[in-house]
Amino acid sequence: MTVRLLHIDTSARPGRAGEHPHGSYTRRLSHAFITRWQATRPGDPVVYRDLAVTPPVPVQHAWIPSAFTPEAQRTPAQQATLAESDALVRELREADVLVLGVPMYNFGMPSTLKAWVDGIVRIGLTFGFDPGRPDPYMPLLVERPRRAVLLTSRGGHGFDAGGPLAAVNHADPALRDVLAFIGITDVHTIAVEHEEEGGEVLAASLAAALGAIDALVASTQAFAPAALSTREALAA
Ligand SMILES: Cc1cc2nc3c(=O)[nH]c(=O)nc-3n(C[C@H](O)[C@H](O)[C@H](O)COP(=O)(O)O)c2cc1C
């Protein structure tokens with residue numbers, strides 16, 4: 001059985017750092033993860049989305065009543081309004097491993113990635129709401145294990161947990177929170193820092209990140225059989 005990967009890039013820079021002038025570090029990291037993965041599991045399907053090329057439409061007025069109307073009662077116009085969000089949710093549900101490139105933009109994630117988040121957090125699909133429960137919100141992506149890998153890059157440094165700027169890092173921690181809200185709690189972050197400073201500190205940070213990716217691919221491939229056996233059991 002194959003492991004299904006969902007690979008999403010979001011950097012506004014089109015190329016990969018080290019291979020293209022002014023290339024993206026998060027594209028470099030996510031490409032390294034996928035390449036490393038495929039070296040040992042070449043048959044695993046990878047769905048790819050480039051949110052910088054095809055940004056999801058931000059939530060607009062018509063989206064809200066459409067999402068809160070039960071599926072069977074939606075008008076054709078409401079179905080059309082939700083079509084992109086439905087596709088994003090479907091891709092996420094089908095994935096076992098989510099690999100996300102997450103550049104830090106103004107202490108948060110790029111707006112394209114936030115639009116993706118707004119598309120995948122869907123009542124009745126990825127979270128449930130029951131006002132009769134003490135905690136009315138229920139994560140719905142809990143039927144089988146999924147893992148998320150957040151590959152981030154920052155111009156400055158000190159944004160990791162425990163660092164002097166951790167409190168103003170609203171990029172990967174915000175993604176962790178939202179993924180946990182829908183049921184994905186196995187989340188790993190690898191960061192490059194010092195992108196704006198460059199030189200040796202950046203080179204050392206990149207080397208450490210690439211080494212950590214090798215280890216994370218190995219540990220994720222070790223976790224995969226548990227995810228797959230649950231998927232198999234659910235499909236039977
Ligand atoms: C619009 C924009 C906003 C940025 N904001 C921050 C920031 O708040 N903090 C920071 O450390 N770096 C910031 N940076 C630097 C990026 O985090 C850095 O260039 C990172 O490498 C971007 O990822 P990428 O290389 O994949 O494009 C910003 C860069 C851009 C283009």
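In the block above lies the structure referred to throughout.
This one's a predicted model, so the numbers in the text were calculated from it and none came from an experiment.

> If you had to explain the site of the ligand to someone new, which residues and values would you point to?
In the vicinity of the ligand lie 17 residues, with S11, S24, T26, S153 and E195 positioned nearest. F107 is positioned with one of its backbone polar atoms (N or O) 2.8 Å from an oxygen atom of the ligand. One nitrogen or oxygen atom from the side chain of E195 is found 2.7 Å from an oxygen atom belonging to the ligand. Protein burial of the ligand: of its 620 Å² of free accessible surface, 80% is covered by the chains. Residues that form the shell around the ligand fall into these classes: six nonpolar, seven polar and four charged.

> If you had to explain helix α7 (residues 199–235) to someone new, which residues and values would you point to?
What sets the pattern is the α-helix's 3.6 residues per turn: residues three or four places apart point alike. Taking 1.5 Å of rise per residue, 37 residues should cover 54 Å, and α7 covers 51 Å from first to last C-alpha, within 8% of that figure. Within α7, the axis deviates most sharply at F223, by approximately 30°, and proline P225 lies no more than four positions further along.

> Explain the pattern of salt bridges to me, using residue names and the numbers behind them.
Going through the model one piece at a time under the given rule, you end up with 17 salt bridges. As a salt-bridge pair, R41 and D44 come within 2.5 Å of each other at their nearest N and O atoms. The buried category is assigned to D44, whose relative accessible area is 5%. R154 is the salt-bridge partner of D160, the closest N and O atoms lying 3.0 Å from each other. The class for D160 is partly exposed, based on a relative accessible area of 36%. By sharing partners, the salt bridges in this structure join R93, D96, E143, R144 and R146 into a single network.

> A description of the packing of helix α1 (residues 25–40) against α7 should follow, citing residues and the corresponding values.
Describing two packed helices takes the angle between their axes plus the distance from one axis to the other. Axis separation between α1 and α7 bottoms out at 10 Å; the angle between their running directions is 35°. At the point where α1 passes α7, the crossing takes the right-handed sense. Between α1 and α7, the contacting residues are Y25, R28, L29, A32, F33, R36, W37 and T40 on the first element and L202, L206, A209, L210, I213, D214, L216, V217, T220 and Q221 on the second.

> An account of the environment of N106 is needed here, citing residue identities and associated values.
The topology assignment puts N106 in the loop between β3 (97–103) and α5 (111–120). Residue classification places N106 among the exposed positions, given a relative accessible area of 76%. Taking the C-alpha atoms as reference points, N106 and H170, 64 residues apart in sequence, are found 8.9 Å from one another.

Definitions and limits used
Residues numbered from 1 in each chain as written. Predicted model: local features only at pLDDT ≥ 70, side-chain atom pairs only at ≥ 80, totals over all residues. Heavy atoms only, no water. Near = heavy atom within 4 Å. Polar contact = N/O pair within 3.5 Å; in protein donor to acceptor, adjacent residues only side chain to side chain. Areas by Shrake-Rupley, 256 points an atom, 1.4 Å probe, with all protein chains shown as cover. Nonpolar A, V, L, I, M, F, W, Y, C, P; charged D, E, K, R; others polar. Helix = DSSP H or I, 4+ residues; strand = E, 2+ residues; numbered from the N terminus. Expected span 1.5 Å × (residues − 1). Bend = angle between axes of the 7 residues up to and from the residue. Salt bridge = Lys/Arg side-chain N within 4 Å of Asp/Glu carboxyl O. Buried < 20%, exposed > 50% of the residue type's maximum accessible area, 1.4 Å probe, protein only. Axes fitted to C-alpha atoms, helices over the stretch in contact; angles between N-to-C directions. Left-handed = near helix turned anticlockwise from the far one by under 90°. Contact = heavy atoms within 4.5 Å.

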